[in-house]
Amino acid sequence: MREKYVLSDWEFEIGKLDYRAKVKVPHTWNVCEETQHYRGKAEYRTAAYINEKFKGRKVILCFGAAYHTAEVTVNGAYVGAHSGSGSSQGVSRRRRRRR
């Protein structure tokens, strides 16, 4: 059985510019006056609750696109990376119990 959850509400941050915003994806910072000329690292964060019925099962996180490079973490643990202009990506992770 497959279930799909779309996570469209994200927190966006460019630490070097001390810039933070709530955004919906897809998103690009090149259209915002404060960030349009910035080239460098930025972070997108969101929260999702994974139902207990998925305990021990494979969960796939799919991302429609990342313009350049993306590193994906779940609860602070690295789960994958992607490099390539605007192509879709996905990473999988077995759901672990949080202690």
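Everything quoted here is computed from the prediction, not taken from an experiment.

The rules behind the values
- Residues numbered from 1 in each chain as written.
- Predicted model: local features only at pLDDT ≥ 70, side-chain atom pairs only at ≥ 80, totals over all residues.
- Heavy atoms only, no water.
- Helix = DSSP H or I, 4+ residues; strand = E, 2+ residues; numbered from the N terminus.
- Buried < 20%, exposed > 50% of the residue type's maximum accessible area, 1.4 Å probe, protein only.
- Contact = heavy atoms within 4.5 Å.
- Areas by Shrake-Rupley, 256 points an atom, 1.4 Å probe, with all protein chains shown as cover.
- Salt bridge = Lys/Arg side-chain N within 4 Å of Asp/Glu carboxyl O.
- Phe/Tyr/Trp six-rings, centres within 6.5 Å; stacked < 30°, edge-to-face > 60°.
- Polar contact = N/O pair within 3.5 Å; in protein donor to acceptor, adjacent residues only side chain to side chain.

Draft legend 1. Local environment of the overall build of the protein chain. In terms of helices and strands, the protein chain carries zero helices and seven strands. Every one of the 99 residues in the protein chain was classed for burial, and the buried ones make up 20%. Residue pairs in contact within the protein chain that sit at least 24 positions apart in sequence constitute 40% of those at least 6 positions apart. Split by element, the accessible area of the protein chain, about 8,300 Å² in all, is 50% carbon and sulfur.

Draft legend 2. Highlighting the pattern of salt bridges. The tally for this structure, following the rule as stated, stands at seven salt bridges. Where E11 meets K22, a salt bridge forms, and the shortest distance between an N and an O atom there is 3.8 Å. Linking E11 in strand β1 (residues 9-14) with K22 in strand β2 (residues 19-24), this pair joins segments that are eleven residues apart in sequence. Note that R45 and E13 form a salt bridge whose closest N and O atoms lie 2.8 Å from each other. Here R45, found in strand β3 (residues 43-45), pairs with E13, found in strand β1; they are 32 residues apart in sequence, far enough to count as distant.

Draft legend 3. Quick peek at the packing of aromatic side chains. By the definition in use, this model includes four aromatic pairs. Measuring from ring centre to ring centre gives 6.2 Å for F12 and Y19, while their planes differ by 70°; the resulting arrangement is edge-to-face. Grouping residues by exposure puts F12 and Y19 together as buried. One aromatic cluster is present, built from ring pairs that chain together F12, Y19, W29, Y38 and Y44.

Draft legend 4. Geometry of the side chain of T35. Checked against the element boundaries, T35 lands in the loop between β2 and β3. Residue T35 is classed as buried on the basis of its relative accessible area, which comes to 1%. Among the polar contacts made by the side chain of T35, one reaches the main-chain carbonyl oxygen of W29 at a distance of 2.7 Å. When near neighbours in sequence (up to four residues on either side) are disregarded, T35 contacts I14, L17, Y19 and W29.

Draft legend 5. Expanded view of unusual backbone geometry. Here the bond from V25 into P26 is cis, since omega is 5°, no more than 30 degrees from zero. Position of P26 among the secondary structure elements: in the loop between β2 and β3. For D18, which is not glycine, the phi torsion reads 50° and is therefore positive. Mapped onto the elements of the fold, D18 is located in the loop between β1 and β2. Phi at N75 takes a positive value of approximately 50°, unusual for a residue other than glycine. When you line up the elements, N75 lands in the loop between β5 (69-74) and β6 (77-83).

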